[in-house]
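Close look at the chain arrangement
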Amino acid sequence: MKKLLLLFLFCTLLLQGMAQRPTAKGKITGDDGKPLAGASVTVKGTNRSAVTDSTGQFEVSTGNQANPVLVITYIGYVSREYAVSGTSDVSIQLQSENKALNDVIVVGYGTQRKRDVTGATSTVKAEEISKRPLVRVEQALQGTTPGVNVQSNSGQPGTGLSVRIRGANSITGSNDPLYVIDGYIGGNIESISPSDIESLEILKDASATAIYGSRGSNGVVLITTKSGKDGKMRVDFNPWFSKSEIPKKLKLMDAYDFANAVNAQYATTGQPAGFTDDQLRQLKATGGTDWQDAVLRKPWVQNYQLSVSGGAQNVHYLFSFNHLDQPGLLLNQYYKRTTLRANIDVKANDRLDLKFNITALLPNSRNNGYQGDITDPFAQAFQWDPTTPIRDSAGNYILKSKFGSNQINPVAQANNQLDDNSSTDVTGTGVLTYRILKGLTFTSNNTYEFNNGYGQSVFGPQTSLGLVGADYAETRASKSRTFQNSNFLTYQTRFGDHALTVTALYEQRKFTSMSSNARAVNLSTYSLGYYNLGLGATQKTTSGYVSDALQSYMGRVNYSYKDRYLLTASVRSDGSSHLTQKYSTFPSVALGWNVARESFMEKAGWISDLKLRASYGVTGNQAVAAYATIPQINSGTQGPNQTLGYYYDGSTLTIATSLGAPVAQSLKWENNKAVDLGLDAAFFKGRLTLAVDAYHKKITNLLYNYQAPFYLGGDTYARNIGSMENKGIEFAVGGTPVQGRNFKWTSNLTVSFNRNKVLNLGGLDSVVVNNIGSAQTGEAILIAGKSLGAFYGYQFQGTWKASEAAEAALFGMKPGDSKYTDVNGDHKYTSADLMNIGNGTPKYSFGFINDFTYGNFTLSVMFQGTHGNQIYSGTFPYTFGGLGDARNATNQDIMNVYTAKNETNIPTFATSSQNSINSSRYVYDASYVKLKNLLISYHLPEQLVKQIKMRNVEIYVSGQNLFTITHYPGYDPEVSNANYGQYPAITQGLETGVIPNPRTYTIGLRAGF
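Residues numbered from 1 in each chain as written. Predicted model: local features only at pLDDT ≥ 70, side-chain atom pairs only at ≥ 80, totals over all residues. Heavy atoms only, no water.

1. Section: the overall build of the protein chain
The following threshold applies: Each helix is a run of H or I in the DSSP string that is no shorter than four residues. Each strand is a run of E no shorter than two, and both are numbered from the N terminus. For this measure, only C-alpha atoms enter the radius of gyration; the expected value for a globule follows 2.2 Å times N^0.38, where N is the number of residues. For the exposure calls, accessible area comes from a 1.4 Å probe over protein chains only, and a residue counts as buried if that area is under 20% of its type's maximum, exposed if over 50%, partly exposed in between. It only takes one pair of heavy atoms within 4.5 Å for two residues to be counted as in contact.
Of regular secondary structure, the protein chain possesses 13 helices and 52 strands. On C-alpha atoms alone, the protein chain measures out to a radius of gyration of 33 Å, which is about the 30 Å that the 2.2 N^0.38 rule sets for 1009 residues. The principal-axis extents of the C-alpha atoms in the protein chain amount to approximately 130 × 70 × 60 Å. In the protein chain, which comprises 1009 residues, the proportion classed as buried is 53%. If you take every contact in the protein chain between residues at least 6 apart in sequence, the share linking residues at least 24 apart comes to 69%.

Following this line, the structure appears as structure tokens:
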């Protein structure tokens, strides 16, 4: 009994002592006075710590220390030590860190201070995005981010842009970066209105992208959309209107000069004159038809953005609506898009946060899929006969002409074909974040996306297909479903001078798609368009199904010592249903040194921040479609373009199957091993910033579609071959040269150098690529030791001159004929003389942005360009006539054709001349500098805005693509057919009849209520 009493007394005293242990409590706020939730409060020299709640309150035991010191840390704020003397209830305010290198950024499965990031990253903020009337997300990356080359390949409405982060990394797979939208990997960027974006984070080196494993090879763009803020409801209305026009026309002959050129051509080839003297006089008086003007227009583009946002302590919301109406430069062409967004953030309690994002995309388009072929209406506009009117006296289209192109009237083609597409795309994302224990958080990100697409086409009698009896009407339907589930644990702790963050992830993704197609040929009437396929003479139906899956595991560790020495290491394992060897592992490691925090830098007050970085990592690319590892069979049925089958009765083609392409026995991931060395610095309290990175990437196990022997099916199949590399250096310099009371000037310059080289092709010296378009073949080539984008053809040396008549005769030619390099010296121009004649890959790209603010006025100027790239034009060969369907020249330069008295380098029309499309004659310097954006805005004075019960009002006018400095004589040096081909990385720089990027003039309003 005595022992029990003593034990009871001991426990009572112990509990009393524990209850009376001194504590410090109080509130942590930012420099704006708002509470900071989640700030870490540690008693210096101990392991006792606490985390502030949603109101910034904390309570922590100080033990028996007489004068305890609290160490308070919070991402984005300067760490502070606070001595507790006398009082235990304190109020502590933290100061924001310099914004140059210490913003909090999204890094994938979490956030970090910019100062603590060890990988190569760049950020584009909403403020920069708002300076231009952007239609697509990719436009925000052009000219604003080092290491990122963005090319607007076409001026068609609604088309995507080509984005390359540190060069192309695959010869057959996609080279576009991975887009992650609020945690949804591979989200549809078309579904995002640029006005809804809070920030874009671009991850460039392998240490930053390796956490996305097999899908991070081409770089990653993390998109964070806006959310509601504390306070009363905010309403923002941002409409803008743009007038578009073609920036440049080709210099083509008028009707009179064209007719004279035709007569001169026919005289050379021994044909009777095409036009009489009376006809020539009449054409000189009337001027004829300008087909470029006939197929083009100057449309108005409209964009409306409306958002409502706000929030209280525990709930924040944002609802937005966007509608874009974008007619094309070409007749009967448009793209329309409506997007709806709802972002809701809920703090259920001190432990549980919920986030719900729902997006709906409703696009519809007409005739915006032209690939830039010579049969397209725009391409026909520079080939058609200017002596022929658009319509006859009865108002009917004149479909064909005796001269110029042999194709159909381009105005009739543009107006009579319909290729309509619409879809409904809805994406829902739910994020649960639960704080299990102190420092330990569980996050589950779940996204479900469904897309229903519907397309209808009709190519009737008055189209190019109708003239050859291949007219048809068609309907297409598709639906797809994507589910992604990402679950990860994050543990954060600080002990003494050490900080540690550990992340563990399990992720899965499932995709399913189904499609069906119905086509009717030679309809009895087209008055119903594509609405009654039963009117066709023959019908054909097809269907398809695709399903694939990806399963992943990832672990990452972030460690820092005294906020000076940084380490990031990660490893991810991905399993794909596409490949034979399904699983692969992608490790990475990166080191950082915050030099500016060293004691020896204390006297260098002009250096605000300085960090050195080094990283190594491996990423992958599956680069092949689903079922690439499964042998297949081909099937075909009776109908147009369906030649597969067997004629059992000698005349009727019946259903048949044949052996498909073989498959490789071992199909591996493409592996991208990369090294990066970088420097981030800020000077003069952030007035000047600098970021420099040098990198080297080696890609092995390249996937390529080999041609199988015909006895094995004759189709192409995927195989791993060879390797290639990208290496380069990139700079970003920014600052505020002038900041006065009423005037401010900020400037940002980005320059990116990249060198690409194909190292080997699995034993082959080169691979010639058959390109897009009906007439272009063999214009691109893969060459070991050269970069992607190599052009292939004859080296043009001008024309044979009179002094070279004897040598020309050895080739069966005469003065005035085309002259090429005879590689093998056999006095013939054959395939043995084809060679590398240029390259479409730029040596460097740049962007230069300057903003000037005076009072309530702002002027923003943006230049963007590339240097060292060439363009292989398929447009110009047809303007000189004598090729394909282009029977006569339309180019003004033909008036300076070779003659005995005028020995120029423009070949004659003599039948002995070999005027090849595949020739360096049509390779041009495509370097350019564009004034991408010029904006002048005015903010109404704050006092006036308050009087009209508004929050802010800004009016602006701007212009895009206002002028281009270039040596390229064509429409636009930026455009290319490459994205429409099978191998866009190989065929970059090829161009035939691509609609140029428009010059636009914009007026807009930003109003806040």
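2. Points about the nonpolar core
Looking at soluble globular proteins, one finds that nonpolar side chains tend to be buried together. What counts here: Throughout this description, the term nonpolar core refers to a set of buried Ala, Val, Leu, Ile, Met, Phe, Trp, Tyr and Cys residues connected via side-chain atoms within 4.5 Å.
Ranked by size, the top nonpolar core spans 46 residues in total, and within it Phe275, Leu296, Leu330, Phe378, Val411 and Ile894 carry the most contacts. In terms of residue count, helix α5 (residues 255–268) provides more of this core than any other element does, six residues in total. Sequence-distant contacts of Phe275, that is, excluding residues within four places in its chain, are made with Ala259, Val262, Asn263, Leu280, Leu283, Thr387 and Phe403. Core analysis: the next-biggest nonpolar cluster, separate from the first, contains 26 residues, Ala168, Ile171, Tyr704 and Met724 among them.

3. Overview of the domain arrangement of the protein chain
Filter applied, for reference: Per the annotation, domain bounds derive from an automatic or database assignment of domains.
On domain assignment, one finds that the protein chain holds domain 1 (21–93) and domain 2 (104–234). On a C-alpha basis, the centres of domain 1 and domain 2 stand 37 Å from each other.

4. Quick look at the side chain of Asn517
The topology assignment puts Asn517 in strand β25 (residues 498–523). Excluding anything up to four places from it in sequence, Asn517 contacts Glu474, Thr475, Arg476, Lys540, Thr541 and Thr542.

5. Observations concerning the packing of α5 against helix α6 (residues 277–286)
Let me state the cut-off plainly: Helix axes are fitted only over the stretch in contact, all axes being lines through C-alpha atoms; the angle between N-to-C directions runs from 0 to 180 degrees. Oblique is the label for any angle not covered by the other classes, which are roughly parallel (under 35 degrees), roughly antiparallel (over 145) and roughly perpendicular (65 to 115). Only Asp, Glu, Lys and Arg are considered charged in this grouping, and only Ala, Val, Leu, Ile, Met, Phe, Trp, Tyr, Cys and Pro are considered nonpolar; every other residue, Gly among them, is considered polar.
One way to put it is that α5 packs onto α6 with a least axis distance of 7 Å and a crossing angle of 150°. If you check the angle between α5 and α6, you find them roughly antiparallel. Seen from α5, the contacting residues are Ala255, Tyr256, Ala259, Asn260 and Asn263; seen from α6, they are Leu280, Leu283 and Lys284. Residues of the contact of α5 with α6, tallied by class, amount to five nonpolar, two polar and one charged.

6. Some details on the confidence of the model for the protein chain
Atom-level detail of predicted coordinates should not be read off regions where pLDDT is low. Rules: pLDDT expresses, on a scale from 0 to 100, how confident the predictor is about each individual residue.
In the predicted model, the protein chain carries a mean pLDDT of 88, and 93% of its residues have values of at least 70. Confidence over residues 1–20 falls short of pLDDT 50; this stretch has zero contacts with residues more than four positions distant or in other chains.

7. Digging into the sheet that holds strand β5 (residues 69–73)
Spelled out, the test is: Only when DSSP finds a minimum of two bridges between them are two strands counted as paired.
What the four strands build is an open sheet, ordered β3-β2-β5-β6; its pairing is antiparallel. Across the chains shown, the open sheet's two edge strands, defined by having one partner strand only, are β3 (49–51) and β6 (80–83). Within this sheet the neighbouring strands show an average axis-to-axis angle of 20°, counted without direction. Summarising the sheet, strand β2 (residues 40–43) and β5 pair through four bridges and their orientation is antiparallel. Bridged to Ser40 within β5 is Thr73.

8. Points about the UniProt feature "domain: TonB-dependent receptor plug" (unreviewed entry) in the protein chain
Spelled out, the test is: UniProt positions are given in the numbering used here, feature names are shortened, and annotations may be inferred rather than shown by experiment.
Annotation from UniProt places "domain: TonB-dependent receptor plug" (unreviewed entry) at residues 114–220. Annotation note: span residues 114–220, helix share 7%, strand share 25%, distance between end C-alpha atoms 17 Å.

9. Quick look at the pairing of strand β22 (residues 417–437)
Relative to β22, strand β21 (residues 352–366) runs antiparallel, the two sharing 13 bridges. Its bridge partner lying in β22, Asn364 is registered against Ser422. Note: β22 against strand β23 (residues 440–459), 20 bridges, orientation antiparallel. For Leu437, the partnering residue across the bridge sits in β23 and is Leu440.

10. Regarding the packing of aromatic side chains
The description of an aromatic ring pair uses the distance of the two centres, along with the angle that the planes make with each other. Applied cut-off: Any Phe, Tyr or Trp ring, taking Trp's six-membered ring, that has another such ring centre within 6.5 Å forms a pair; planes under 30 degrees apart are called stacked, those over 60 apart edge-to-face, and the others tilted. For a Lys NZ or an Arg CZ to count as sitting over a ring, it must be within 6 Å of the ring centre and within 35 degrees of the ring normal.
All told, the structure shown has 29 aromatic pairs when counted by the stated rule. Measuring from centroid to centroid gives 5.1 Å for Phe753 and Tyr844, while their planes differ by 45°, and the two rings are tilted. With a gap of 91 residues between them, Phe753 in strand β37 (residues 743–760) and Tyr844 in strand β44 (residues 844–854) connect regions that are remote in the sequence. Tyr844 sits in the partly exposed class, given a relative accessible area of 26%. Taking the centre distance of 5.4 Å and the plane angle of 40° together, the rings of Trp800 and Phe811 count as tilted. Remark: Phe811 occurs in the loop between α11 (805–810) and β42 (818–820) and Trp800 occurs in the loop between β41 (796–799) and α11; sequence separation between them is eleven residues. This pair shows no difference in class: Trp800 is buried, exactly as Phe811 is. What links up through ring pairs into an aromatic cluster is the set Tyr794, Phe796, Trp800, Phe811, Tyr820 and Tyr829. Sitting above the plane of the Tyr334 ring, Lys336 keeps its charged end 5.0 Å from the centroid.

11. Thoughts on the environment of Met724
With respect to the helices and strands, Met724 occurs in strand β36 (residues 716–739). Residues Met724 and Leu761, spaced 37 residues apart in sequence, show a C-alpha to C-alpha distance of 8.8 Å.

12. With respect to the pattern of salt bridges
We count it as follows: Counted as salt bridges are all cases of a side-chain nitrogen of Lys or Arg within 4 Å of a carboxyl oxygen of Asp or Glu.
Evaluation of the coordinates by the stated rule reveals 39 salt bridges. Taking the shortest distance from any N to any O, the salt bridge between Asp353 and Lys347 comes out at 3.7 Å. The class of Asp353 is partly exposed, set by a relative accessible area of 24%. Across the pair Glu507 and Arg572 runs a salt bridge, and its minimum N-O distance is 2.8 Å. Here Glu507 is found in strand β25, whereas its partner Arg572 is found in strand β27 (residues 565–576), with 65 residues between them in sequence. Taking the relative accessible area as the measure of exposure, Glu507 reaches 1% and is therefore buried. Arg572 gets classed as buried once you look at its relative accessible area, which sits at 1%.

13. Remarks on the environment of Pro737
Position of Pro737 relative to the elements: it lies in strand β36. Between the C-alpha atoms of Pro737 and Leu688, which are 49 residues apart in sequence, the distance is 8.0 Å. Residue contacts for Pro737: discarding those within four places in its chain leaves Arg687, Trp745, Thr746 and Ser747.

14. Quick word on a nonpolar patch on the surface
The condition that has to hold: Candidates for patches are residues over 30% relative accessible area with no salt bridge; among them, like charges are joined within 9 Å and nonpolar side chains (Val, Leu, Ile, Met, Phe, Trp, Tyr) within 5 Å. Where accessible areas are quoted, they stem from the Shrake-Rupley method and a 1.4 Å probe; at the residue level, only the protein chains shown are allowed to cover.
On the surface, Trp606, Phe684, Leu688, Val733, Leu749 and Phe848 cluster together into a nonpolar patch covering about 520 Å² of accessible area. With respect to the element layout, Phe848 can be found in strand β44. Overall, the relative accessible area of 32% leaves Phe848 in the partly exposed class.

15. Re unusual backbone geometry
Here Lys562, not a glycine, exhibits a phi torsion of approximately 55°, which is positive. Structurally, Lys562 can be placed in the loop between β26 (536–561) and β27. Look at Phe684: it is not a glycine, yet its phi comes out positive at around 55°. Mapped onto the elements of the fold, Phe684 is located in the loop between β34 (670–683) and β35 (688–707).

16. Considerations on the pairing of strand β45 (residues 857–867)
When β44 meets β45, the two strands line up antiparallel, connected through eleven bridges. Considered in β45, the bridge of Asn850 is made with Val861. Here β44 folds back onto β45, and the loop between the two strands holds two residues, one of which, Gly855, carries a positive phi near 60°. Relative to strand β48 (residues 928–939), β45 runs antiparallel, the two sharing ten bridges. Paired with Gln864 across the strands is Lys930, a residue of β48.

17. Focus: the sheet that holds strand β4 (residues 57–61)
Pairing in this open sheet of three strands is mixed, and the strands run β4-β1-β7 from one edge to the other. Each of the sheet's edge strands pairs with one partner strand only, and the pair in question is β4 and β7 (89–93). Neighbouring strand axes in the sheet, compared pairwise and without regard to direction, differ in orientation by 30° on average. Bridge count for strand β1 (residues 23–29) against β7 is five bridges, and the pairing is parallel. Its bridge partner being in β7, Lys27 is matched across the sheet by Ser91.

18. Here's the deal with the side chain of Arg164
As a reminder of what qualifies: Within 3.5 Å is the distance limit for a polar contact, defined as a pair of N or O atoms, with the added protein rule that one can donate a hydrogen and the other accept it, and that residues adjacent in sequence qualify only through two side-chain atoms.
Its location among the elements puts Arg164 in strand β12 (residues 162–165). Given the relative accessible area of 13%, Arg164 is considered buried. At a separation of 2.8 Å, a polar atom in the side chain of Arg164 contacts the side chain of Asp176. When near neighbours in sequence (up to four residues on either side) are disregarded, Arg164 contacts Gly147, Val148, Asn149, Asn175, Asp176 and Asn979.

19. Looking at α5
In an α-helix, one full turn covers 3.6 residues, which means residues spaced three or four apart are oriented alike. As a reminder, the rule being used: Expected span of a helix, by definition, is 1.5 Å for each gap between consecutive residues, and there is one gap fewer than residues.
Counted at 1.5 Å a residue, the expected span for α5 with its 14 residues is 20 Å, and the 20 Å between its end C-alpha atoms agrees. When we look at burial in α5, the residues that qualify are Ala255, Phe258, Ala259, Ala261, Val262, Asn263, Gln265 and Tyr266. Considering only its buried residues, α5 is in contact with α6. N-capping of α5 is provided by Asp254, with a side-chain oxygen placed 3.3 Å from the backbone N of Tyr256.

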